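So the chains spell out like this:
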Amino acid sequence: MSNELWNKWSDVHNSPDQQKRIASAKKSACTPVSVDQSACTGTFKGSSGTHTTSLDHCSCVDFNRRKLPCKHMYRLAMELGAFQTDFDSDKSAIVEPIGKREKLSKTIALVETLTADQQKLLLSIARRTSNNAPTTCIKWAPDIPALVDANLIEIVPEFTPCLVKYKKAELFALANSFGLTPDKKLLKPELISYIIENAQDQLLANPLSHTVVRICKHIRRRQVHMYLHRKWDTDDYYDGNVNPCSTPLLETILPDDAVTDLLIQYGYYTPPKD
């Protein structure tokens, strides 16, 4: 049944616009909330809301404007086997509707209770993540628990990116500390897979040198990133003699927007007089 419904679109997939939607559909951020295999339907979440999707219709704006398969329809076809290709799945990467996110002013009030080092760590995490790549692997730092306790970031139990940071000898030592005795001939990728397969509980219970984190879904990541960027970063440039110069962004002219309004509210920025 799914192939019959999907075949009506067989002539459109090769256009550049459709190829962009296919690429988006493959990403973990397009993981469906649920799929009904018998009814050939699915439910998806995104920044604009929750969408009900079938192989010939979707409630999202993109389909209703273009009347051609959107990324949700492509992803549903992939999940049902009607569109054969590889794709990434990760429930934790599903984007929550913006309406459910916390007000920026409330988040910034919490951010302002953090130390300078904690704020800069949060800035680093925000800078390294996006809607399409919501997680990042960072070196373990004492300030991470403070950001977790503040409900600003969360630790994601993904171990491969963390173990890749180890040297091979360190991986063998780690495996031995877990009571494992891997074959010394194992290549590094094989050794990582061996540890993950045989020491899930130990990996969860013991801190590694690195950890995978993401900004909590209720946080307006882009605006928090911009607030901390303007507060802590500099404008780097070269003068007329090609000497490197640096000016704090707070000493430059900032855009007139909600982020700058909060910097003014907390006394970090004074707009230039007309």
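Just above sits the structure.
Residues numbered from 1 in each chain as written. Predicted model: local features only at pLDDT ≥ 70, side-chain atom pairs only at ≥ 80, totals over all residues. Heavy atoms only, no water.

1. Here's the deal with the packing of helix H5 (residues 104-111) against helix H12 (residues 221-232)
Here is step 1: In contact at an axis separation of 10 Å, H5 and H12 are set at 45° when each is read in the N-to-C sense. When the axis of H5 is compared with that of H12, the two are oblique. Crossing geometry of H5 relative to H12 is assigned as right-handed. Contacts from Leu 104, Thr 107, Ile 108 and Val 111 of H5 reach H12 at Gln 223, Val 224, Tyr 227 and Leu 228. (Axes fitted to C-alpha atoms, helices over the stretch in contact; angles between N-to-C directions. Helix = DSSP H or I, 4+ residues; strand = E, 2+ residues; numbered from the N terminus. Parallel < 35°, antiparallel > 145°, perpendicular 65-115°, else oblique. Left-handed = near helix turned anticlockwise from the far one by under 90°. Contact = heavy atoms within 4.5 Å.)

2. A look at the packing of aromatic side chains
Here is step 1: Inspection of every chain in the model, using the stated rule, returns four aromatic pairs.
Here is step 2: Each ring, one from Trp 9 and one from Phe 63, has its centre 6.4 Å from the other, and the planes form 90°; the classification is edge-to-face. With Trp 9 in the loop between helix H1 (2-6) and helix H2 (16-25) and Phe 63 in helix H3 (residues 61-66), this pair connects stretches of sequence that are 54 residues apart.
Here is step 3: When the centroid spacing of 5.5 Å and the interplanar angle of 70° are considered together, the rings of Tyr 74 and Phe 83 count as edge-to-face. For the pair formed by Tyr 74 and Phe 83, the shared burial category is buried. (Phe/Tyr/Trp six-rings, centres within 6.5 Å; stacked < 30°, edge-to-face > 60°. Buried < 20%, exposed > 50% of the residue type's maximum accessible area, 1.4 Å probe, protein only.)

3. What about the sheet that holds strand S1 (residues 34-36)?
Here is step 1: With respect to topology, three strands assemble into an open sheet ordered S1-S2-S3, the strand pairing being antiparallel. The sheet terminates laterally at S1 and strand S3 (49-54), the two strands that pair on one side only. Averaged over neighbouring strand pairs, the angle between their axes works out to 20° when direction is ignored.
Here is step 2: In the sheet, strand S2 (residues 41-46) pairs with S3 via six bridges, with the strands oriented antiparallel. Of the residues in S3, the one forming a bridge with Lys 45 is Thr 50.
Here is step 3: Packed onto the sheet, helix H4 (residues 71-80) meets S1, S2 and S3 and runs at close to 55° relative to S3. (Pairing = 2+ DSSP bridges.)

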